[in-house]
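Read off the chains here:
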Amino acid sequence: METLRLYDFLPSGNGYKIRLLLTQLGMPFEWVEVNITKNETRTPEFLSKNPNGKIPLLEIEPGKYLAESNAILMYLSEGTEFLPYDRYLRAQVLQWLFFEQYSHEPFIATSRYWISILGKAEEYREAIEQKREPGYAALGLMENHLKSHIFLVADRYTIADIALFAYTHVAGEGGFDLTLFPSIQAWIERVKTQSRYISITQEM
Ligand SMILES: N[C@@H](CCC(=O)N[C@@H](CS)C(=O)NCC(=O)O)C(=O)O
């Protein structure tokens, strides 16, 4: 098998999902930094690899690319302990992956990007305020679920946990108060004890 190559940016939660899974799978990969704050995703060279101009991007073999973090998680976890085989459980994993992209990431990740990555909280104050309510709604939904489940699907650690962990555990950097969500906090600690766990700041 060819060495996988991951185009990524260290502070990115979407990129971190892939770094974390690859590390936990024990799969070697080449890591290529694409600095999104310097528009490096918008160069003709990068756009020829991903016309959508976004990281993470996985190069599976020379010239064969896969974008969208949660699609990459599905691809890499196929046939592993991180993705259930049962049809209903797999669909539940997908349910969380779609929830993450539509009801969670657009509020929590964007707030974190403006506040902590760009350091422009004042400039984006109005937009950040608009993200508060839907962001807290997403956290509330997770909290309710995690009151009676140790992990998101089938009470075992899957890519659903990886996808939701990425931006939830750093939600504080987007101005969200995680002390309001004790079950989420306990789940975060559980994820951190999984074997071969790496932090989002771990240099590649
Ligand atoms: N839905 C995509 C979102 C990817 C995304 O928003 N990537 C951001 C970094 S986290 C990016 O590349 N931004 C740079 C740009 O849009 O030019 C995924 O899950 O991979």
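Details of the structure are given in the entry above.
What comes next is a walk through the structure. Since the model is a prediction, treat every value here as computed from it, not as a measurement. (Residues numbered from 1 in each chain as written. Predicted model: local features only at pLDDT ≥ 70, side-chain atom pairs only at ≥ 80, totals over all residues. Heavy atoms only, no water.)

Here we look at helix 1 (residues 13-25)
Across its 13 residues, helix 1 extends 18 Å between first and last C-alpha, which sits within 8% of the 18 Å expected from 1.5 Å per residue. Of all 13 residues making up helix 1, 11 are buried, and the element is well covered by its neighbours. Inspection of helix 1 places Gly13, Asn14, Gly15, Tyr16, Lys17, Ile18, Arg19, Leu20, Leu21, Leu22 and Gln24 among the buried residues, and these make up the whole buried set. On its buried side, helix 1 packs onto strand 1 (4-8), strand 2 (29-33), helix 3 (69-77), helix 4 (87-117) and helix 6 (159-168). (Helix = DSSP H or I, 4+ residues; strand = E, 2+ residues; numbered from the N terminus. Expected span 1.5 Å × (residues − 1). Buried < 20%, exposed > 50% of the residue type's maximum accessible area, 1.4 Å probe, protein only. Contact = heavy atoms within 4.5 Å.)

Overview of the sheet that holds strand 2
Here we have four strands laid out as an open sheet, ordered 2-1-3-4, and mixed in their pairing. Among the strands making up the open sheet, the edge pair consists of strand 2 and strand 4 (64-67). Strand-to-strand twist of the sheet, defined as the mean angle between neighbouring strand axes without regard to direction, takes the value 25°. Summarising the sheet, strand 1 and strand 3 (residues 57-61) pair through three bridges and their orientation is antiparallel. The partner of Leu6 across the bridge, within strand 3, is Leu58. Sheet contacts for helix 1: strand 1 and strand 2; angle to strand 1, the most-contacted strand, approximately 150°. Where helix 3 meets the sheet, its contacts fall on strand 1, strand 3 and strand 4, and the angle it forms with strand 4 comes to roughly 120°. (Pairing = 2+ DSSP bridges. Axes fitted to C-alpha atoms, helices over the stretch in contact; angles between N-to-C directions.)

Considerations on the pattern of salt bridges
The tally for this structure, following the rule as stated, stands at nine salt bridges. The shortest N-O distance in the salt bridge between Glu30 and Arg5 comes to 3.2 Å. Here Glu30, found in strand 2, pairs with Arg5, found in strand 1; they are 25 residues apart in sequence, far enough to count as distant. Notably, a salt bridge pairs Glu78 with Arg90, separated by 3.2 Å at the nearest N-O pair. (Salt bridge = Lys/Arg side-chain N within 4 Å of Asp/Glu carboxyl O.)

Here we look at helix 4
Taking 1.5 Å per residue as the helical rise, helix 4 with its 31 residues ought to reach 45 Å, whereas the 39 Å between its terminal C-alpha atoms falls clearly short. In helix 4, a bend of some 60° at Glu105 exceeds every other bend along the element, and Pro106, a proline, comes one to four places later. The N-cap residue of helix 4 is Asp86: its side-chain oxygen and the backbone nitrogen of Tyr88 are 3.0 Å apart. Note on helix 4: the residue one or two positions beyond its end, Gly119, has a positive phi of about 65°. (Bend = angle between axes of the 7 residues up to and from the residue. Polar contact = N/O pair within 3.5 Å; in protein donor to acceptor, adjacent residues only side chain to side chain.)

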